[in-house]
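# Observations on the three-dimensional arrangement
What follows is each chain in one-letter form.
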Amino acid sequence: MTGTGEDAYDVAVIGYGPTGVTAANLLGAAGLKVVVLERDAEIYSRARAISTDEEVLRIWQRTGLAERLKQDMLPDRPLDFVDARGRAFISARPTPRGHGHPPQMFLYQPALEQILRDGVDRYPEVEVLLRHECVRLRQEADGVELTVVGTADDAVRRLRAKYVVAADGGSSLTRAQLNVGYEGRTYEDRWVVVDTRMIEPWPDHDRLRFRCDPARPAVDCPTPLGHHRWEFPILPGDDETYLTTDDAIHSMVARYGIGPDQIEILRATVYSHHVRFAARFRVGRVFLAGDAAHAMPPWIGQGMAAGVRDVANLCWKLEAVLRGELPESVLDSYEAERKPHVKEVTARAVFVGRVITERRPAVTRLRDLLLPALNRVPGFGDWLQGSNWIPAAHYAEGLQARPRAKASGHQLPQPRVTAPDGTRARLDDVLDGRWLLLHRGRLTPQPAWDRSGVPSLTVLPAGSLPAEGAVVDDEGVLLPWLTEHRAAALALRPDAYVYAAAPAGAQLPPPPTGFTLQGAS
């Protein structure tokens, strides 16, 4: 992308993986002047992340790229935990949570990143500097000076940005420069991660299987675009170098009936699993995101998703502060909202990993007897996947009105609705990433919100005619949700999380201190 010739930016994004490129799309769509710094020349060729979920697709919907991304994904594949004999002791299918997209999507990360990078090209105010590394940060009262070195020619360049989003990975140089601790542990087991291309598909190649064999556990995972992924632990006594060879890999997959004529081995890499959290996600005007802020084991496929959630939470707040709509103090809510959820998801990933990798024979025998019995209980598998597999984000602290209501900190579901102009659309496309009052019935006067110029939408029941200032709840989702959460009116943030709620006849708590909606009289 061609640069602007100026070296002052609203936001600098360090790192151009899934977290950084999502931030670049969100900030570019907001019309902010952004520079992206990435030390590598090309997209990393190895497929690291292999799945994502409906909430992340909802975030990418805000970038206008969700439908294109889904074309290269595999939706809603079955999930099996299988024992040493290949018998499933837990089976489940992902259950939707109401975000308007398939609940689980398998992906091929290099292809996904290319689409996201192509999306950034839509924004002339976003300058992407590949083969450039930020080697020094100096914070000042009104911004950050970045010393940048070109990795191709060692040329030094100094840039200025009002804020910095550091998405430069688990070995983040930015985090080290800020002297922020990265606390946690690294697991002793190392794993061989194998990416293959399918030459001849085999039965049930599109099922995700956690092979819980105490002799050698494995992850057997479908990926789109004709690829397939395996992960195997390196056991005591193994030759790590040998396990990455084609001979060793063919030997390990042969136990599942996969012959050398059915797959082409693209690459095999050895990785360790980490559980780590940055001591702080914010240092002045610099924010850590993605693996720079936290690392988790891969068992529930949430490492990449957590980084995307980070920047979705952060970028709209940066935009609001830069436009003078909210005070800078709201940026402290980024860590307050994201860190508890990341910790909860990480704990869940650790638990699932223990189920998969357990190697003590007595424990695995008990597991293989007990869990099939539980799985025969109607709905247990769906409960495991839908309710406990990936914890839903819910913000107990952060940018929430006081007093809190039952709906506070929850994200509104996203059904398809009939918009005021009579067209059918996903709800977020109607909400349009703005502060908004959403209500059922006649809205009690809300003078504090009216003075701020915040618009409102009425929710009409299914079957109603389109109307100005209203959405029709065609799928019967929004009105029951409001009833369940004892709310007649909501004040929604631009990310569709509930800032405030009130029952019928009551006034909402006022907008945040210092809130001034751009363009409002």
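Only a predicted model underlies this, so the values are computations on that prediction, with no experimental measurement involved.

A count of helices and strands for the protein chain gives 14 helices and 26 strands. Its C-alpha atoms give the protein chain a radius of gyration of 24 Å, within 12% of the compact-globule value 24 Å for 521 residues. Structurally, the protein chain occupies a C-alpha span of about 70 × 65 × 40 Å along its principal axes. The buried share of the protein chain, reckoned over its 521 residues, is 57%. When contacts within the protein chain are restricted to residue pairs at least 6 apart in sequence, long-range pairs at least 24 apart make up 70% of them. In the protein chain, which carries 62 positive and 67 negative side-chain charges, the distance between the mean positions of the two groups comes to 5 Å.

The next thing to look at is the sheet that holds strand β19 (residues 294-295). Reading across from one edge, β6-β5-β13-β14-β15-β12-β16-β19 is the order of the 8 strands in this open sheet, with mixed pairing throughout. At either margin of the open sheet sits one strand with a lone partner, and together these are β6 (88-92) and β19. Examined bridge by bridge, strand β12 (residues 182-198) and strand β15 (residues 227-234) share 8 bridges and lie antiparallel to one another. Bridge pairing in β15 links Thr196 to His228. Running over the sheet, helix α7 (residues 246-254) touches β12, β15 and β16 (263-278) and is turned about 85° from β16.

This paragraph deals with the side chain of Asp83. Along the chain, Asp83 turns up in the loop between β5 (79-82) and β6. Side-chain polar atoms of Asp83 contact the backbone nitrogen of Arg85, separated by 2.9 Å. Discounting residues that sit within four places of it in the chain, Asp83 has contacts with Phe89, Cys212 and Asp368.

A separate point is the nonpolar core. In summary, soluble globular proteins display a tendency toward joint burial of nonpolar side chains. Core analysis: the biggest nonpolar cluster contains 89 residues, and Leu37, Trp60, Leu146 and Trp435 have the highest contact counts within it. Among the elements that line this core, the one with the most residues is helix α8 (residues 303-322), at 11 residues. Here Leu146 is in contact with Ala12, Ile14, Leu37, Cys134, Arg136, Leu137, Arg157, Arg158, Leu159, Arg160, Ala161 and Val164, once residues within four sequence places are set aside. If you look at the next biggest cluster of nonpolar residues, it comprises 27 residues, including Phe81, Leu208, Val350 and Ile356.

What follows concerns the packing of helix α1 (residues 18-29) against α8. Taken N-terminus to C-terminus, the directions of α1 and α8 make an angle of 25°; their axes are 8 Å apart at the nearest point. The angle between the axes of α1 and α8 places the two elements in the roughly parallel class. Here α1 and α8 pass one another in a crossing that is right-handed. Residues Pro18, Thr19, Thr22, Ala23, Leu26 and Leu27 of α1 touch α8, and the partners they reach there are Met304, Gly307, Val308, Val311, Ala312 and Cys315. Taken together, the residues that form the contact of α1 with α8 break down as 9 nonpolar, 3 polar and no charged.

Strand order in the open sheet made by the 3 strands is β3-β7-β4, with antiparallel pairing throughout. Edge positions in the open sheet fall to β3 (51-53) and β4 (74-75), since each of these has one partner strand only. Along the sheet face, helix α2 (residues 54-62) touches β3 and β7 (104-106) and points at about 80° away from the line of β3.

What follows deals with the pattern of salt bridges. Per the counting criterion, the structure on display carries 36 salt bridges. Between Asp204 and Arg209 there is a salt bridge, with its nearest N and O atoms 3.6 Å apart. In this structure Arg209 comes out as buried when scored by relative accessible area, which is 12%. With its nearest N and O atoms 3.2 Å apart, the salt bridge here joins Arg229 to Glu231. Among the ionic contacts, a cluster of salt bridges with common partners joins Arg138, Glu140, Asp142, Glu145 and Arg160.

Another point: the packing of aromatic side chains. For the structure on display, the rule yields 14 aromatic pairs. Pairing Trp191 with Trp299 gives two aromatic rings, centres 5.0 Å apart and planes at 70°, and the pair type is edge-to-face. Of this pair, Trp191 sits in strand β12 while Trp299 sits in the loop between β19 and α8, placing them 108 residues apart in sequence. What makes Trp299 buried here is its relative accessible area of 7%. Between the aromatic rings of Trp316 and Trp435, the centroid separation amounts to 6.1 Å while the plane-to-plane angle is 75°, which identifies the pairing as edge-to-face. Here Trp316 is found in helix α8, whereas its partner Trp435 is found in the loop between α12 (427-431) and β22 (436-440), with 119 residues between them in sequence.

The subject of this paragraph is the packing of α2 against α8. It is at 10 Å that the axes of α2 and α8 come closest, and there the two elements cross at 45°. What the angle tells us is that α2 and α8 run oblique. In the crossing of α2 with α8, the sense of the turn from one axis to the other is left-handed. Counting all contacts with α2, which are made through Glu55, Val56, Ile59, Trp60 and Arg62, the residues of α8 involved are Met304, Ala305, Val308, Arg309, Ala312 and Trp316.

About the cut-offs
- Residues numbered from 1 in each chain as written.
- Predicted model: local features only at pLDDT ≥ 70, side-chain atom pairs only at ≥ 80, totals over all residues.
- Heavy atoms only, no water.
- Helix = DSSP H or I, 4+ residues; strand = E, 2+ residues; numbered from the N terminus.
- Rg over C-alpha atoms; globule rule 2.2 N^0.38 Å.
- Buried < 20%, exposed > 50% of the residue type's maximum accessible area, 1.4 Å probe, protein only.
- Contact = heavy atoms within 4.5 Å.
- Lys, Arg positive; Asp, Glu negative; His and termini not counted.
- Charge placed at Lys NZ, Arg CZ, Asp CG, Glu CD.
- Pairing = 2+ DSSP bridges.
- Axes fitted to C-alpha atoms, helices over the stretch in contact; angles between N-to-C directions.
- Polar contact = N/O pair within 3.5 Å; in protein donor to acceptor, adjacent residues only side chain to side chain.
- Core = buried A, V, L, I, M, F, W, Y, C linked by side-chain atoms within 4.5 Å.
- Parallel < 35°, antiparallel > 145°, perpendicular 65-115°, else oblique.
- Left-handed = near helix turned anticlockwise from the far one by under 90°.
- Nonpolar A, V, L, I, M, F, W, Y, C, P; charged D, E, K, R; others polar.
- Salt bridge = Lys/Arg side-chain N within 4 Å of Asp/Glu carboxyl O.
- Phe/Tyr/Trp six-rings, centres within 6.5 Å; stacked < 30°, edge-to-face > 60°.

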